[in-house]
Amino acid sequence: MPDAASPQHLVLIDGSGYIFRAYHGLPPLTRKSDGLPVGAVAGFCNMLYKLIKEHRGDDAPSHLAVIFDAGAKTFRNEIYDQYKAHRPPAPEDLIPQFPLIREATRAFGLPAIELQGFEADDLICTYTKLAVEAGMAVTIVSSDKDLMQLVDDARHVRLMDPVKSTPVHAAQVVEKFGVPPELVVDAQALIGDSSDNVPGAPGIGVKTAAQLLTDFGDLDGVLSRASEIKQEKRRQTLIDFREQILMSRELVRLRCDVEPPAPIDDFVLKDADGEVLTAFLTTMEFASLARRVGGTLSAMQASTAIDKVPTAPILRPLYGAKPVAPAEAATAPFDLDAYACVQTLDDLNAWIAEAYRAQVIAIDTETDDLSASHAKLCGVSLATGPNRACYIPLGHAASEGLDFGDGASLTQIALDQAIHALKPLLEDPNILKVGQNIKYDLSVLHRYGVNVAPFDDTMLISYVLEGGLHGHGMDELSQLHLGHTPIPFKEVCGSGKSLKSFKHVELAPATRYAAEDADVTLRLWQVLKPRLAREGLATVYETLERGMPSVLSEMELAGIRIDPQVLQALSHDFGIRMSEIEAEAHALVGRPFNLNSPQQLGQIFFDEMALPGGKRTASGQWATDVKVLEDLAEKGQPLAKLLLDYRQMAKLKGTYTDNLTGHADPNTQRIHTSFHLAATPTGRLSSNEPNLQNIPIRTAEGRKIRRAFIAKPGHRLISADYSQIELRLLAHIGDIPQLKEAFARGDDIHAMTASEMFEVPMAEMTSEIRRRAKAINFGIIYGISAFGLSNQLGIERGEAGRYIETYFERFPGIKAYMDSTKAFVAANGYVTTLMGRKIHIPEINGKGAQKAFAERAAINAPIQGTAADIIRRAMMRMPRALRDAGFTTAMLLQVHDELIFEAPDAEVETVMPLIRDVMAKAAEPAYQISVPLVVEAHAADNWDEAH
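Residues numbered from 1 in each chain as written. Predicted model: local features only at pLDDT ≥ 70, side-chain atom pairs only at ≥ 80, totals over all residues. Heavy atoms only, no water.

Asks: Looking at this structure, how should I read the overall build of the chain?
Replies: Looking only at helices and strands, the chain has 39 helices and 23 strands in total. Its C-alpha atoms give the chain a radius of gyration of 32 Å, within 12% of the compact-globule value 30 Å for 947 residues. The proportion of buried residues among the 947 residues of the chain is 53%. Pairs at least 24 residues apart make up 70% of the contacts formed inside the chain by residues separated by at least 6 positions. (Helix = DSSP H or I, 4+ residues; strand = E, 2+ residues; numbered from the N terminus. Rg over C-alpha atoms; globule rule 2.2 N^0.38 Å. Buried < 20%, exposed > 50% of the residue type's maximum accessible area, 1.4 Å probe, protein only. Contact = heavy atoms within 4.5 Å.)

Asks: Help me out: how do you make sense of the packing of helix α36 (residues 812-828) against helix α37 (residues 848-884) in this one?
Replies: Packed helices, taken two at a time, are described by the angle their axes make and the gap between the axes. At a minimum axis distance of 9 Å, the contact between α36 and α37 shows a crossing angle of 110 degrees. Of the possible angle classes, the one that applies to α36 and α37 is roughly perpendicular. In contact with Tyr817, Met818, Thr821, Lys822 and Val825 of α36, α37 contributes Glu855, Ala858, Ile859, Pro862 and Ile863. (Axes fitted to C-alpha atoms, helices over the stretch in contact; angles between N-to-C directions. Parallel < 35°, antiparallel > 145°, perpendicular 65-115°, else oblique.)

Asks: Got a minute to help me understand helix α24 (residues 564-589) in this structure?
Replies: Since one α-helical turn is 3.6 residues long, residues separated by three or four positions face the same way. With 26 residues, α24 ought to run about 38 Å at 1.5 Å a step, and its terminal C-alpha atoms sit 37 Å apart, in line with that. Turning to α24, its buried residues are Leu567, Leu570, Ser571, Phe574, Met578, Ile581, Ala585 and His586. Of the surrounding secondary structure, the elements contacted by the buried residues of α24 are β13 (560-562), α27 (638-657), α28 (660-663) and α29 (700-705). Backbone geometry just downstream of α24 places Gly590 in the positive-phi region, at approximately 95 degrees. (Expected span 1.5 Å × (residues − 1).)

Asks: Would you explain the sheet that holds strand β23 (residues 935-940) in this entry?
Replies: Consider a sheet: its strands pair through backbone hydrogen bonds, and that pairing is either parallel or antiparallel. Ordered in space as β21-β22-β18-β23, the four strands form an open sheet in which the pairing is antiparallel. If you trace the sheet from one side to the other, it starts and ends with β21 (890-895) and β23, each paired once. Each strand axis lies, on average, 20 degrees off the axis of its neighbour in the sheet, ignoring direction. Lying on the sheet, helix α38 (residues 908-920) is in contact with β18 (715-722), β22 (898-904) and β23; it crosses β18 at an angle near 25 degrees. (Pairing = 2+ DSSP bridges.)

Asks: Help me out: how do you make sense of the sheet that holds strand β9 (residues 377-385) in this one?
Replies: Taken in spatial order, the six strands of this open sheet run β7-β10-β9-β8-β11-β12, and their pairing is mixed. With partners counted over all chains shown, the strands left at the sheet margins are β7 (340-341) and β12 (455-457), one partner each. Taken together, the three bridges between strand β8 (residues 360-367) and strand β11 (residues 432-435) define a ladder with parallel strand orientation. Looking at β11, one finds that Ile361 is bridged to Lys433. The strands touched by helix α17 (residues 438-446) are β8, β9, β11 and β12; relative to β8, the strand with the most contacts, the crossing angle is about 70 degrees.

Asks: What am I meant to see in the nonpolar core here?
Replies: Where a protein is soluble and globular, its nonpolar side chains tend to be buried together. Counting residues in each nonpolar core, the largest one holds 184 residues, and the members touching the most others are Phe44, Phe709, Ile814, Ile870, Met875 and Met878. In terms of residues, this core owes the most to one element, helix α2 (residues 39-54), which gives ten residues. Ignoring anything within four residues of it in the chain, the contact list for Ile870 reads Tyr722, Ile725, Leu729, Met835, Ala922, Ala923, Ile929 and Leu933. The next biggest cluster of nonpolar side chains, apart from the first, holds 50 residues, and it includes Val184, Leu190, Ala210 and Val258. (Core = buried A, V, L, I, M, F, W, Y, C linked by side-chain atoms within 4.5 Å.)

Asks: Would you mind showing me how to read the pairing of strand β1 (residues 9-14) here?
Replies: In summary, the side chains of a regular strand alternate between the two faces of the sheet. Taking burial as the measure, the six residues of β1 include six buried ones, the bulk of the element. Burial of the side chains of β1 extends over both faces: His9, Val11 and Ile13 are buried on one face and Leu10, Leu12 and Asp14 on the other. Pairing of β1 with strand β4 (residues 137-141) involves five bridges; the strand directions are parallel. Among the inter-strand pairings, Leu10 is bridged to a residue of β4, identified as Val138.

Asks: Looking at this structure, how should I read the confidence of the model for the chain?
Replies: Predicted coordinates in areas of low pLDDT are best not read in detail. Taken residue by residue, the chain gives an average pLDDT of 86. The fraction at 70 or more is 93%. Summarising per-element confidence for the chain, the mean pLDDT is lowest in helix α14 (residues 327-330) (62) and highest in β22 (97). Confidence drops under a pLDDT of 50 for residues 1-6, and excluding neighbours within four residues, the segment shows eleven contacts in the predicted structure. Every residue in residues 295-326 is under pLDDT 50, and counting partners more than four places away or in other chains gives 89 contacts. (pLDDT = per-residue confidence, 0-100.)

Asks: Just to check I follow, could you spell out the state of the cysteines for this structure?
Replies: As used in these notes, a disulfide is a covalent bond between sulfur atoms, one from each of two cysteines. Scanning the entire structure with this criterion turns up one disulfide. Between the sulfur atoms of Cys125 and its disulfide mate Cys256 the distance is 1.7 Å. Pair noted here: Cys125 is in helix α5 (residues 120-133) and Cys256 is in the loop between α11 (242-252) and α12 (274-283), with a separation of 131 residues, a long-range link. We classify Cys125 as buried; its relative accessible area is 1%. (Disulfide = S-S within 2.5 Å.)

Asks: Sorry if this is basic, but what is going on with the packing of aromatic side chains here?
Replies: How two aromatic rings sit relative to each other is set out by the distance from centre to centre and by the angle between their planes. Evaluation of the coordinates by the stated rule reveals 13 aromatic pairs. Taking the centre distance of 5.9 Å and the plane angle of 75 degrees together, the rings of Tyr18 and Phe44 count as edge-to-face. Linking Tyr18 in helix α1 (residues 15-25) with Phe44 in helix α2, this pair joins segments that are 26 residues apart in sequence. Its relative accessible area of 0% is what places Phe44 among the buried residues. By way of ring pairs, the aromatic residues Tyr391, Phe489, Phe502 and Tyr513 are connected into one cluster. Directly above the ring of Phe75 sits Arg255, whose terminal nitrogen or CZ lies 5.0 Å from the centroid. Its guanidinium or amino end placed over the ring of Tyr830, Lys838 lies 4.6 Å from that ring's centre, counting from NZ or CZ. (Phe/Tyr/Trp six-rings, centres within 6.5 Å; stacked < 30°, edge-to-face > 60°. Lys NZ or Arg CZ within 6 Å of the ring centre and 35° of its normal.)

Asks: Just checking my understanding: could you explain the environment of Thr617 for this structure?
Replies: Take Thr617: it is sitting in the loop between α25 (598-608) and α26 (626-634). Residue classification places Thr617 among the partly exposed residues on the basis of a relative accessible area of 37%. In contact with Thr617, not counting residues within four places along its chain, are Trp622 and Ala623. A polar atom in the side chain of Thr617 sits 3.0 Å from the side chain of Ser619. (Polar contact = N/O pair within 3.5 Å; in protein donor to acceptor, adjacent residues only side chain to side chain.)

Structure, rendered in structure tokens:
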């Protein structure tokens, strides 16, 4: 009970403690509309509402804040790297609820406070000290025993158990630890704490610690007079483990000198916005609580608003409880002249203050290069609302012919000053940053010491909502959803010979272009983000997309090392082989010709050799693409086979061995590819500059290129690859008993299939029969036809058709899966993965060959898409799993079903089991797959030998 002479009463709620109590105190709960886990959010809201109702009258606070942990790592991990190291990661279904709980806090009209590098307890300690110095009474709502060190009856600081609703005073602290609050830190230093992995003094418990502190006054007295202790074992423990005990004291002692993220004045209790709160609870589908709230929630004690409290609504919902601006505002006409060019630190600080009030902002960076690993920052743009955007030029420079006489001078804020001002905003956990393809911006800003979080990506939101229907670039999305065509890049930077770097663009057009990008991005977020919940796709976005930009940014910046000498040698070998093939081809034809000329090839095959089956292109020439050459080669034409080999060699040489060195950083010889998250309908990643997804691995020549990818000195590359993941998923999704049983036994799946199909005992299996079964197994995943299988196996179409019929007879579940998938996509226009990703297939409405292609795509998409989803989940979990286990191993590449790591030699053998485990369990616990996911991992000096 606060003292009557202390009218101001600060209540500090241990938000992180609330979260886990709410999560473990209720059974799992998902939102009916989309399956989003919301059990912890529901429990948190009920606990918060109960607390607010109960603290009335004399006990009512004048100030209230909810304090959260900002992350797993704090300054204590620098003191002791094993601090909390044994704690498991947060449950999979709790992770997407963390941001929602922050939103719930703000919906109740309360500040949500956290600070990177410190625990919630440190902030609670700091605010308690500040409040006491200001003459305020303090109630800390928590069941965390560490906070007992703050209890001070004389200064009206008490602890309140949120479940029992009973106060903890000095007497209760003595009952718990045997010592008063001021000695709790010393007691914990001796006792240790198994839950936080604080070692303490081995063998010393609560009673012994209390006795020692009573006898010697405090911990320093205990340690300095340890030689006086009669019990030999106890005496020796205190002497031998002196440094460990002192370290433990530093771990358990709460910091009361943290720079507070917000002043206590910001915690003045005020009325919650009833409309906002009800909207949030309704969106979360907490109908019962929404009825109890009744549309509004009065403050526990009337208070006068102060100037520092923003007048805008506190809540900026993640899932559309109430848009940041009315829907019509997002599509309001664009006013490009309203954008500001920020050229002074005072103006920048004003925009930063506005961003804090908005709480959701769009960001974009302008650079002088497309490569995020090397680009220099030209400027940053921010948007806080429609037509409220600015551009902050930071790296513009005059060049020959550049005239800044357009009303905008070249005055710019010093780069280091601007970064220093922007960094707290861009890293603030309470401010949501929105970007379009934000991975690029994360990488650029990271190189300037800024780690942007939390964030949303409009490209990925669009990809989740409408993957397969259209592209997800900003210009296309703006035209589609906002009816607005943004300024083209070439309009400000030119094209072709007149192309110039953005740093040489005058500030007026640069401002219009850059600020418009931020404005468009924020408006797209306002339009698209609410749809995730309405369309049942919030969980897909949260668990498969939202975490990927930061993971890929880290991988891209790390890069992978290459050996230029290996590439040069391969280029030489491939060149020689191409010359040999050219000579063989000329000998076959009886004269020289250009192997790269489609016109000459068409004349040779279909005019001179008069081969059947030729087709002309729209220009009237004979078609000689890869498909044509493959068909001719299957029919026994040696020239076609030579040309296919020639084209393969030319691709390997031109695309890889000649060009990879040019992509490498000349100082580190590391390649920094760029991954694309929204480029394929099924969720598979692609990459470019260079493209590392398409290095051939089925030919000996293609595999040789992987030899050029090497580990840095003292390290090895680890290749971890899912074994036959798509066949395993086919067994699960199609519910194929024979396949499921075979995978569970660890059988050779292709031999088992051959045995089933051709009734050949496993002991009598030949390599040819197994090869045919393997072709059918993988072909079925892609909806292969009798024509396709006949070409692949070199058999008659009728025989191939009989193989497929036999396959369906032996495995009827596969035919049932294919038929049901075709029916579903015909009715809905999309299919879904196991994790709920929608893959739209608009071609299903076509005719003939187009419709047949769409049906094959629909059969494959749930399988390939689920495989892509699983590896995404593994990638998002991997960095934390490695860090929490104390490894420095880095994830470098993802190529389809394979992850590539660079590990110090000393970590290789111990890190591989962890990598396999994370990958094998990536679908869990939310999704249970009825066949084991097997991961093979190998280490070597280069990629080829590790695979």
